[in-house]
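These are the residues of each chain, in order.
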Amino acid sequence: MIPDWKVVQDYLEILEFPELKGIIFMQTACQAVQHQRGRRQYNKLRNLLKDARHDCVLFANEFQQYCYLPRERGESMEKWQTRSIYNAAVWYYHHCQDRMPVIMVTEDEEAVPQYGSETEGVFVISFKNYLDNFWPDLKAAHELCDSILQSRRERENESQESHRKEYPEHLPLEVLEAGIKSGRYIQGILNVNKHRAQIEAFVRLQGASSKDSDLVSDILIHGMKARNRSIHGDMVVVELLPKSEWKGRTVALCENDSDDKATGESPSEPMPTVFPISDFRVVVRIDSWESTSVYPNGHFVRVLGRIGDLEGEIATILVENNISVAPFSEAQMCKMPVNTPENPWKVSPEEERERRDLRKTHLVFSIDPKGCEDVDDTLSVRTLNNGNLELGVHIADVTHFVAPNSYIDIEAKTRATTYYLADRRYDMLPSILSADLCSLLGGVDRYAVSIMWELDKTSYEIKKVWYGRTIIRSSYKLFYEAAQELLDGNFNIIDDIPEFRDLDEKSRQAKLEELVWAIGKLTDIARHVRAKRDLCGALELEGVEVRVQLDEKKNIRDLIPKQPLEVHETVAECMILANHWVAKKIWESFPHQALLRQHPPPHQEFFSELRECAKAKGFFIDTRSNKTLADSLDNANDPNDPIVNRLLRSMATQAMSNALYFSTGSCAEEEFHHYGLALDKYTHFTSPIRRYADIIVHRLLMAAISKDKKMEVKENLFSNKDLEELCRHINNRNRAAQHSQKQSTELFQCMYFKDKDQETEERCIADGVIYSIRTNGVLVFIPRFGIKGAAYLKNKDGLVISCGPDSRSEWKPGSLQRFQNKITSTTTGGESITFHLFDHVTVRISVQASRCHSDTIRLEIMSNKPYMIPDSELLHQSSLLLKSDLVKEVTRSVEEAQLAQELKGNIIQEDFQKYCQTKGRSLYMLLEEIRDLALLDVSNSHGIGNTHLTSIK
């Protein structure tokens with residue numbers, strides 16, 4: 001199928017359907033899109049051509065000797081373009097030796113009879129006929145085609161109307177007044193829909209007339225002529241027409257085809273209503289934007305769902321972030337391995353010969369969130385014969401199942417990541433891989449890529465390192481809370497660990513001791529690894545990750561901030577160590593085409609609010625390097641309020657720039673550094689099930705191992721240029737994943753509070769901490785729900801907040817006075833109240849509904865006193881804080897011991913030079929700063945919305 005230029009312009013979203021493959025796009029049509037539809041539409045077309053899943057091609061017909069046709073004198077550009085595309089279609093037919101019919105689809109009604117019978121084997125039909133004849137079951141495409149045709153007809157009708165009398169005459173005032181009294185006319189305020197300004201507007205009802213006529217909704221006026229000369233905000237009068245005079249669309253009022261004046265009788269059944277899709281989230285494509293208009297023209301594409309409905313709102317989030325989560329195609333799935341009870345998957349003899357078998361020699365186990373299905377990583381630790389320790393990190397060998405440039409590889413590259421929303425996830429790989437054959441589940445054989453270090457038995461210094469493919473069988477699939485209980489010595493938790501349930505008492509005790517030793521030893525190693533990074537300036541930043549707790553019917557039961565556990569840090573340190581060593585390995589082997597991850601140092605001006613807030617509490621934050629920042633944050637502790645340090649770390653997080661993937665051939669080695677982790681080289685290797693970057697790194701590592709063995713490199717490696725382009729794509733998709741996760745959390749927060757009675761529901765009242773002062777209010781953090789938002793001290797009526805003797809707030813006339821670290825509200829009666837930074841206040845949480853935008857959380861200060869938390873919850877929070885403090889104390893003691901025993905001054909200086917940041921400046925750094933400023937999330941930097949942990953790992 002070869003589309004004409006007009007088809008490519010008007011029906012591009014239909015051509016993007018995955019069912020339509022093998023389309024030949026002519027250069028003439030592509031240039032028409034570029035010149036007449038602009039860069040945005042042209043980029044969509046380019047992306048379609050680059051997407052290997054569509055299997056489309058671009059044919060440069062104007063550069064082909066037998067296809068090029070010069071434009072004839074007096075011939076319109078449109079006719080020449082159609083003629084050129086038809087001529088190229090004929091050449092293509094003969095090029096295929098007349099064996100394959102070619103269909104040219106066009107919107108030129110004259111071209112169909114003119115060219116339709118000119119060449120046997122080349123058929124010329126309209127696009128709608130093409131869909132009707134070749135894709136009758138593709139309902140979505142038919143509906144979209146009808147929508148586009150309708151939108152085009154409406155624009156043509158509007159254009160024709162503009163050539164007639166521009167507006168109908170106004171009716172005399174006495175006629176209007178009489179019509180209003182009789183109910184024939186309705187009075188209201190005109191509201192113009194900015195997205196469809198040329199063809200529709202709403203009339204907001206007001207006055208007694210709406211009561212008399214029993215109207216419960218606004219009235220939609222369709223067409224510029226019916227709107228007359230009124231503009232947005234004018235008082236207008238509209239006539240109710242009987243249903244028989246409507247123009248076939250479900251609208252309340254419309255133009256009368258036959259007469260400029262509405263002549264119908266007063267309707268016996270007046271049915272003014274809103275346009276049907278006004279209660280739905282919809283996708284609209286912009287067609288054009290006239291230079292003389294402030295409003296663009298566009299057409300309806302599809303409905304996402306009803307406003308407020310969970311699935312509709314989730315679909316909206318996906319569309320806003322350009323996330324495609326269509327099911328994996330049959331072509332992709334037919335290449336997948338099989339694992340069924342009838343045909344179980346087994347380790348092949350060939351792989352057994354080539355891989356190191358760890359199934360009988362190593363205690364391998366995973367630690368993940370409860371209910372995790374895509375288990376990327378497992379750990380092992382054991383004592384060697386020479387007394388040293390062996391630490392192992394074993395990662396799912398995804399590249400064994402996903403061959404380069406296969407259908408599933410192309411799909412994974414396009415998705416780039418697994419998208420985790422608050423209540424669901426959209427996998428990068430099919431479930432047969434992500435939740436089964438690649439997932440390192442307990443008790444089953446799996447392929448892995450492993451890194452194993454030999455460590456000194458006392459100092460944990462690394463003696464050797466080994467990389468390679470392995471076969472493992474994970475003994476335990478632990479969840480974080482269970483691992484933490486075992487680490488703390490609470491062995492009652494083993495009843496919740498499935499692997500212990502069917503064991504006799506003797507075996508259970510032996511295996512328990514073995515597992516507890518392994519977890520404890522891993523934690524001890526992780527403390528030393530972390531302490532070494534701390535010496536070089538590794539940052540411990542603060543972010544609030546909210547978990548949505550759902551019941552069986554998907555109703556929201558609670559919002560629970562993720563609580564920090566030391567076992568989280570244990571697993572994270574092992575993964576960071578693996579990523580760091582793999583980064584060094586692939587860079588050494590491929591210095592100009594390795595995929596690494598860099599985290600540039602933040603801009604000093606972004607730390608200004610952090611410094612000012614800390615100063616208000618008497619703390620000094622030194623931001624000259626990551627080391628000084630880390631030490632300053634560690635010292636900024638208020639013994640009476642642990643929330644202060646959390647907020648300061650959160651502000652430091654907000655000041656950070658994003659970590660990004662890059663190709664090592666694109667910048668100098670001194671720019672590879674990772675500021676947050678204090679490492680000179682870093683990459684992502686440990687999550688290939690959910691990140692495409694890790695798949696690339698696995699292939700690089702396998703190629704590096706082959707290179708070391710003097711073997712032929714079988715992997716298809718990217719050039720520096722191609723890898724840099726891929727990194728830009730992955731970085732873009734990562735940002736989309738972060739934004740969608742943040743938006744889904746905000747959605748669930750709103751849904752959680754929306755149906756609750758703010759007056760009686762206890763959970764709508766919470767303790768909040770003021771962390772920033774603004775001109776007309778304060779920014780408040782609510783630890784219980786991980787919410788950040790604005791609480792206004794002056795309302796829309798100009799009244800300011802006042803707190804009486806009982807500390808309850810009320811609104812009174814007065815004024816606000818803002819200072820550096822406080823804000824004072826003074827009433828006209830002389831009452832005064834001051835809010836300081838880090839004050840605890842009682843806050844009411846409600847939802848601010850919006851017709852046009854997503855709902856938002858609204859915070860109101862109820863009292864200038866802290867909220868009294870129930871004893872049970874207070875005890876729970878205290879235990880968590882004590883546990884967190886214990887972890888910090890242990891880490892600090894290890895760091896001091898290591899300083900005293902192992903590191904001398906010159907070694908410290910060498911490590912500092914190795915891991916810390918260069919102070920040099922370059923043009924690349926300057927351009928990165930400019931790009932970071934362009935991408936800065938202004939709403940986040942001002943604290944509006946929820947806490948969002950910038951991804952620096």
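Quick notes on the rules
- Residues numbered from 1 in each chain as written.
- Predicted model: local features only at pLDDT ≥ 70, side-chain atom pairs only at ≥ 80, totals over all residues.
- Heavy atoms only, no water.
- Helix = DSSP H or I, 4+ residues; strand = E, 2+ residues; numbered from the N terminus.
- Buried < 20%, exposed > 50% of the residue type's maximum accessible area, 1.4 Å probe, protein only.
- Areas by Shrake-Rupley, 256 points an atom, 1.4 Å probe, with all protein chains shown as cover.
- Axes fitted to C-alpha atoms, helices over the stretch in contact; angles between N-to-C directions.
- Parallel < 35°, antiparallel > 145°, perpendicular 65-115°, else oblique.
- Left-handed = near helix turned anticlockwise from the far one by under 90°.
- Contact = heavy atoms within 4.5 Å.
- Nonpolar A, V, L, I, M, F, W, Y, C, P; charged D, E, K, R; others polar.
- Salt bridge = Lys/Arg side-chain N within 4 Å of Asp/Glu carboxyl O.
- Core = buried A, V, L, I, M, F, W, Y, C linked by side-chain atoms within 4.5 Å.
- Pairing = 2+ DSSP bridges.
- Phe/Tyr/Trp six-rings, centres within 6.5 Å; stacked < 30°, edge-to-face > 60°.
- Lys NZ or Arg CZ within 6 Å of the ring centre and 35° of its normal.
- Expected span 1.5 Å × (residues − 1).
- Polar contact = N/O pair within 3.5 Å; in protein donor to acceptor, adjacent residues only side chain to side chain.
- pLDDT = per-residue confidence, 0-100.

Asker: Where do I start with the overall build of the protein chain in this structure?
Answerer: Looking only at helices and strands, the protein chain has 27 helices and 35 strands in total. Per-residue burial for the protein chain yields a buried fraction of 50% across its 953 residues. Total accessible area on the protein chain stands at roughly 47100 Å², and carbon and sulfur atoms take up 50% of it.

Asker: Please clarify how the packing of helix α17 (residues 505-535) against helix α18 (residues 566-589) should be interpreted in this entry.
Answerer: Helix packing geometry: the angle between the two helix axes and the distance between the axes. Two elements in contact, α17 and α18, have axes whose closest approach is 9 Å; the angle formed by their N-to-C orientations is 65 degrees. As summarised for this structure, α17 and α18 are arranged roughly perpendicular, according to the angle between their axes. Like other packed secondary-structure pairs, α17 and α18 cross with a definite hand, here left-handed. On α18, the residues that touch L522, T523, A526, R527, V529, R530 and R533 of α17 are E566, E569, T570, E573, C574, I576 and L577. Considering only residue class, the contact of α17 with α18 consists of 6 nonpolar, 2 polar and 6 charged.

Asker: How should I be thinking about the pattern of salt bridges in this particular structure?
Answerer: Any two side chains of opposite charge can pair if their charged atoms end up close together. Applying the stated rule across the entire model yields 48 salt bridges. Among the salt bridges present, the one from R83 reaches E75, with a minimum N-O distance of 3.0 Å. On the basis of relative accessible area, E75 is assigned to the buried category, the value being 13%.

Asker: I'm lost on the nonpolar core in this one. Help?
Answerer: In a soluble, globular protein the nonpolar side chains are often hidden away together inside. The biggest cluster of nonpolar side chains holds 95 residues, and the ones touching the most others in it are F365, W453, L478, L595, F685 and L701. Ranked by residue count, the leading element in this core is helix α22 (residues 692-708), at 11 residues. Setting aside chain neighbours within four positions, we find L595 in contact with I586, Y661, F662, T683, A693, I696, V697, L700, L723 and C727. In this structure, I323, I787, L837 and L859 belong to the second largest nonpolar core, which totals 66 residues.

Asker: Hey, could you run me through the sheet that holds strand β1 (residues 2-3) in this one?
Answerer: The strands that make up a sheet pair up through hydrogen bonds in the backbone, lying either parallel or antiparallel. Strand order across the open sheet formed by 3 strands is β1-β4-β5, with parallel pairing between neighbours. Whereas interior strands pair on both sides, the edge strands pair on one side only; in this sheet they are β1 and β5 (122-126). Looking at chain direction, β1 and strand β4 (residues 102-106) are connected through 2 bridges and run parallel. Its bridge partner being in β4, P3 is matched across the sheet by V105. Of the strands in this sheet, β1, β4 and β5 are in contact with helix α4 (residues 77-95), which crosses β4 at around 170 degrees.

Asker: Which parts of the structure should I look at to understand the sheet that holds strand β19 (residues 445-455)?
Answerer: The strand order across the open sheet formed by 7 strands is β13-β20-β19-β16-β15-β14-β21, and the pairing between neighbours is mixed. At either margin of the open sheet sits one strand with a lone partner, and together these are β13 (356-357) and β21 (476-479). Where β19 and strand β20 (residues 462-473) come together, 11 bridges link them in antiparallel fashion. Within β20, the residue paired with R446 across the bridge is I472. Along the sheet, α17 contacts β14 (364-368), β15 (377-383), β16 (389-396), β19 and β21; its crossing angle with β15, the most-contacted strand, is approximately 100 degrees.

Asker: Explanation requested: the packing of aromatic side chains in the structure shown.
Answerer: Where two aromatic rings form a pair, the distance of their centres and the angle of their planes describe that pair. One pass over the full model with this rule turns up 16 aromatic pairs. Note on F59 and Y92: the rings are 5.3 Å apart at their centroids and 85 degrees apart in plane angle, and the pair reads as edge-to-face. With F59 in strand β3 (residues 57-59) and Y92 in helix α4, this pair connects stretches of sequence that are 33 residues apart. The class for Y92 is buried, based on a relative accessible area of 18%. Both rings, one in W91 and one in Y92, keep their centres 5.8 Å apart while their planes meet at 85 degrees; by these two values the pair is edge-to-face. Taken together, the ring pairs in this structure connect Y11, F127, Y130 and F134 into an aromatic cluster. Above the face of the Y447 ring, R355 is positioned so that its terminal group lies 4.2 Å from the ring centre. The positively charged end of K681 is found above the aromatic ring belonging to W587, 4.3 Å away from the centroid.

Asker: Just checking my understanding: could you explain the environment of Y792 for this structure?
Answerer: Looking at where Y792 falls in the secondary structure, it is placed in strand β28 (residues 787-792). Here Y792 falls in the partly exposed class, since its relative accessible area comes to 48%. Measuring from C-alpha to C-alpha, the distance between Y792 and I861 comes to 8.0 Å, with 69 residues separating the pair along the chain. Filtering out sequence-adjacent residues up to four positions away, Y792 remains in contact with N776, G777 and W811.

Asker: Any chance you could explain the packing of helix α16 (residues 480-487) against α17 here in plain terms?
Answerer: With their axes 9 Å apart at the nearest point, α16 and α17 run at an angle of 95 degrees to one another. Classified by the interaxial angle, the pair formed by α16 and α17 is roughly perpendicular. On the side of α16, the interface is formed by A483, L486 and L487, while α17 contributes L512, L515, V516, I519, G520 and T523. For the contact of α16 with α17, a count of residues per class yields 7 nonpolar, 2 polar and no charged.

Asker: How do you make sense of the pairing of β20 when you look at a structure like this?
Answerer: Regular strands have side chains that alternate between both faces of the sheet. One ladder, built from 2 bridges, connects β13 with β20; its direction is parallel. If you follow D357 over to β20, its bridge partner there is I471. A loop of 6 residues connects β19 with β20, the two strands running antiparallel in sequence, and Y460 in this loop sits at a positive phi of about 65 degrees.

Asker: Quick question: what am I supposed to make of the side chain of S589 here?
Answerer: Of note, S589 is situated in helix α18. Judged by its relative accessible area of 9%, S589 is buried. Not counting residues within four places of it along the chain, the set of residues in contact with S589 comprises A704 and K707.

Asker: Quick question: what am I supposed to make of α17 here?
Answerer: Three or four residues apart is the spacing at which side chains of an α-helix point the same way, because the helix has 3.6 residues per turn. For α17, which comprises 31 residues, the first-to-last C-alpha distance of 45 Å matches the rise-based estimate of 45 Å (1.5 Å per residue) to within 8%. Sitting at the amino-terminal end of α17 is D504, which places a side-chain oxygen 3.1 Å from the backbone nitrogen of K506.

Asker: What is the right way to read unusual backbone geometry from this model?
Answerer: Most peptide bonds are trans, and most residues other than glycine sit at a negative phi. Although it is not a glycine, Q97 sits at a positive phi angle of roughly 60 degrees. Here Q97 is to be found in the loop between α4 and β4. For Q97, a relative accessible area of 54% corresponds to the exposed category.

Asker: Where do I start with the side chain of E313 in this structure?
Answerer: In this structure, E313 sits in helix α11 (residues 310-320). For E313, the side chain forms a polar contact with the side chain of R281, separated by 3.3 Å. If sequence neighbours within four positions are ignored, E313 has contacts with R281, I307, G308 and L747.

Asker: Any chance you could explain the confidence of the model for the protein chain here in plain terms?
Answerer: Detailed reading of the predicted model is not advised wherever pLDDT is low. On average, residues of the protein chain score 81 in pLDDT, and 82% of them are at 70 or above. Confidence drops under a pLDDT of 50 for residues 931-951, and excluding neighbours within four residues, the segment shows 52 contacts in the predicted structure.

Asker: Can you walk me through the pairing of strand β25 (residues 660-663) in this structure?
Answerer: Across the two faces of β25 the burial is the same, with L660 and F662 and Y661 and S663 all buried. Relative to β25, strand β24 (residues 595-598) runs antiparallel, the two being bridged by 4 bridges. What sits directly across from L596, in β25, is F662.

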